[in-house]
Amino acid sequence: MAKTVSPVAPRHALASRLKALREELWPEAGLTQAQLAEALGGVSVSLISSWENPDKPVRPPVKRLEAYATLFATPRSLDDGTLRALPLEELTDEEHLRRKGLLEELLRLREGKEVARSAVADVWTFPEGEDVTIVCAELPRELRDHLSYADPDSADFVTLYTYADPDALIELYGHIRARNPENDVSFHTTEELTPDDYTTHLVLLGGVDWNTVTAAVIERVELPVEQVVRADDAPTSEPGGFRVQRDSGTELFPPLLDSEGHLLEDVAHFYRGVSPFNRKRSVTVCNGMYGRGTLGAVRALTDRRFRDRNSEYLRKRFAGVESYSIISRVPVLAGVGLTPDWTLPENRLHEWPEAP
């Protein structure tokens, strides 16, 4: 059964949602209020502005929300370089479903009704006033002994150098703080956690080899995925991976390295579910076999070029479920991990619960 969370005030949520559709759904298009006004039948720019006003929003007429839903149901609305709503008869079955879902959401917000959201409605937005704790592993001592910046006795000491996955941490902390200005959002290493921290919304970065909280959570939830950690002295031909339990046996999804040990493709695991430490809070795991996989799991839902399409995919694929998991590829080019696009089937290696 889907889990209901307290929404933002619907009137203001509608204004935010309309602005997000224009600015974030297709960020590369750089849609302006003027372009949207023309596409909606020549309404004034000031009217569009009033609908998007977060302080004193004006309710759009139903027919305008219908036009919004048609426009943003498909990127084909931009096919000729000019934003325009396609005739309904030209929409595909999938686009009709997307339009229907979007219109229902906008109408609920317009009427000031609470919108019941499943656990995948907006992963990084939490109910107002509920604390969020991001948990990283501490970088093993043997990897930081030579760094003066990681030595508390050094004048150059910087706390962040003691954290594993600092790039993923910086990316995610800023994003969650921006999305949740009224929440207390903090980050800690596993060694710094207090008993109270365990009962907040937990966001865990990194795998079971270093992050002991990730290991504790995975042990306590019903998930057919386990991380196979490569020993430090294992050859690159045995890189470990994520092992999935299937009715017919097990399947391993490993990262891809070349003969010299250079990473060509990492594997990312994203898990969201009910916290085993507090049933009224969530736990989210962003994990990779290497750091670029962990960052890829984070950026799938923070990168402005991909987060909306990936969020929409989660909403449709896992609608009505409290716990779900997705394993995906993270291509690495010139040493840089790329954001995975979950809408491409070839990027999704495993999903749980499995599709009926």
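Residues numbered from 1 in each chain as written. Predicted model: local features only at pLDDT ≥ 70, side-chain atom pairs only at ≥ 80, totals over all residues. Heavy atoms only, no water.

Participant: In this structure, what is going on with the pairing of strand 6 (residues 249-253)? I would like to understand it.
Facilitator: Each regular strand displays side chains that alternate between the two surfaces of the sheet. Pairing between strand 5 (residues 241-246) and strand 6: 5 bridges, direction antiparallel. If you follow Arg 243 over to strand 6, its bridge partner there is Leu 252. Remark: 2 residues form the turn of the hairpin made by strand 5 and strand 6, two consecutive strands paired antiparallel. (Pairing = 2+ DSSP bridges. Helix = DSSP H or I, 4+ residues; strand = E, 2+ residues; numbered from the N terminus.)

Participant: Help me out: how do you make sense of the sheet that holds strand 5 in this one?
Facilitator: Taken together, the 3 strands give an open sheet; going across it, the order is 4-5-6, and neighbouring strands pair in antiparallel fashion. Edge positions in the sheet fall to strand 4 (225-228) and strand 6, since each has one partner strand and no second. Sheet twist, expressed as the mean angle between neighbouring strand axes with direction ignored, is 30 degrees. With 4 bridges joining them, strand 4 and strand 5 adopt antiparallel strand pairing. Of the residues in strand 5, the one forming a bridge with Gln 227 is Phe 242. (Axes fitted to C-alpha atoms, helices over the stretch in contact; angles between N-to-C directions.)

Participant: Before we go on, may I ask you to explain the pairing of strand 1 (residues 132-136) in this structure?
Facilitator: Of all 5 residues making up strand 1, 5 are buried, and the element is well covered by its neighbours. Burial along strand 1 is two-sided: the residues Val 132, Ile 134 and Cys 136 and Thr 133 and Val 135 are all buried. As paired strands, strand 1 and strand 2 (residues 185-189) are joined by 5 bridges and run parallel to one another. What sits directly across from Cys 136, in strand 2, is Thr 189. Examined bridge by bridge, strand 1 and strand 3 (residues 201-205) share 4 bridges and lie parallel to one another. (Buried < 20%, exposed > 50% of the residue type's maximum accessible area, 1.4 Å probe, protein only.)

Participant: Got a minute to help me understand the side chain of Asn 287 in this structure?
Facilitator: Inspection of the secondary structure assignment puts Asn 287 in strand 9 (residues 278-288). You can call Asn 287 buried: its relative accessible area is 3%. One polar contact links Asn 287 to Gln 227, side chain to side chain, over a distance of 2.9 Å. Ignoring sequence-local partners within four residues, the contact set of Asn 287 consists of Gly 206, Gly 207, Val 208, Gln 227, Phe 242, Val 267, Ala 268, His 269, Gly 293, Thr 294 and Ala 297. (Polar contact = N/O pair within 3.5 Å; in protein donor to acceptor, adjacent residues only side chain to side chain. Contact = heavy atoms within 4.5 Å.)

Participant: Help me out: how do you make sense of the confidence of the model for the protein in this one?
Facilitator: In low-pLDDT regions, the fine details of the predicted coordinates are not to be read closely. Of all residues in the protein, 91% attain a pLDDT of 70 or more, and the chain-wide mean is 87. The low-confidence segment residues 1-8 (pLDDT under 50) makes 18 contacts with residues lying over four places distant or belonging to another chain. Taken together, the stretch residues 114-119 has pLDDT below 50 and engages in 19 contacts with residues farther than four places along the chain or on a different chain. (pLDDT = per-residue confidence, 0-100.)

Participant: It is not clear to me how unusual backbone geometry should be interpreted in this structure. Could you clarify?
Facilitator: It is generally the case that most residues other than glycine have a negative phi and that most peptide bonds are trans. Residue Trp 352 is joined to Pro 353 through a cis peptide bond whose omega torsion reads 0 degrees. Note on placement: Pro 353 falls in the segment after strand 12 (348-352). Although it is not a glycine, Ala 334 adopts a positive phi angle of roughly 50 degrees. With respect to the helices and strands, the residue Ala 334 is situated in the loop between strand 10 (324-333) and strand 11 (336-337). For Ala 334, a relative accessible area of 86% translates into the label exposed.

Participant: Explain a nonpolar patch on the surface to me, please; I cannot follow it from the model alone.
Facilitator: Residues Leu 333, Val 336 and Leu 338 make up a contiguous nonpolar surface patch of about 270 Å² in total accessible area. With respect to the helices and strands, the residue Val 336 is situated in strand 11. (Patch = residues over 30% accessible without salt bridge, like charges linked within 9 Å, V, L, I, M, F, W, Y side chains within 5 Å. Areas by Shrake-Rupley, 256 points an atom, 1.4 Å probe, with all protein chains shown as cover. Salt bridge = Lys/Arg side-chain N within 4 Å of Asp/Glu carboxyl O.)

Participant: I would appreciate a short explanation of the packing of aromatic side chains in the present structure.
Facilitator: With the rule as written, the count across this model stands at 10 aromatic pairs. Geometrically, the ring pair formed by Phe 270 and Trp 342 is tilted, given 5.7 Å between the ring centres and 55 degrees between the ring planes. With Phe 270 in strand 8 (residues 263-275) and Trp 342 in the loop between strand 11 and strand 12, this residue pair connects regions lying 72 residues apart in the sequence. Residues Phe 270 and Trp 342 agree in their burial class; the two are buried. With a centroid separation of 4.8 Å and 20 degrees between ring planes, the pair formed by Phe 318 and Tyr 324 is classed as stacked. The exposure classification of Phe 318 matches that of Tyr 324, with both residues buried. Here the aromatic cluster, defined as three or more aromatic residues joined through ring pairs, consists of Trp 124, Phe 270, Phe 318, Tyr 324 and Trp 342. (Phe/Tyr/Trp six-rings, centres within 6.5 Å; stacked < 30°, edge-to-face > 60°.)

Participant: Any chance you could explain the packing of helix 4 (residues 62-71) against helix 5 (residues 93-110) here in plain terms?
Facilitator: For the pair helix 4 and helix 5, the least separation of the axes is 8 Å and the interaxial angle reads 145 degrees. Between helix 4 and helix 5 lies a crossing whose hand is right-handed. Touching Val 62, Leu 65, Glu 66, Tyr 68, Ala 69 and Thr 70 of helix 4 are Arg 99, Leu 102, Leu 103, Leu 106, Leu 107 and Arg 110, all from helix 5. (Left-handed = near helix turned anticlockwise from the far one by under 90°.)

Participant: Sorry, what's going on with the pattern of salt bridges here?
Facilitator: Side-chain pairs of opposite charge can arise where the charged atoms are in close proximity. Scanning all chains against the criterion turns up 20 salt bridges. Among the salt bridges present, the one from Glu 351 reaches Arg 317, with a minimum N-O distance of 3.5 Å. Here Glu 351, found in strand 12, pairs with Arg 317, found in helix 10 (residues 307-317); they are 34 residues apart in sequence, far enough to count as distant. Through salt bridges with shared partners, one network takes in Glu 171, Arg 299, Asp 303 and Arg 305.

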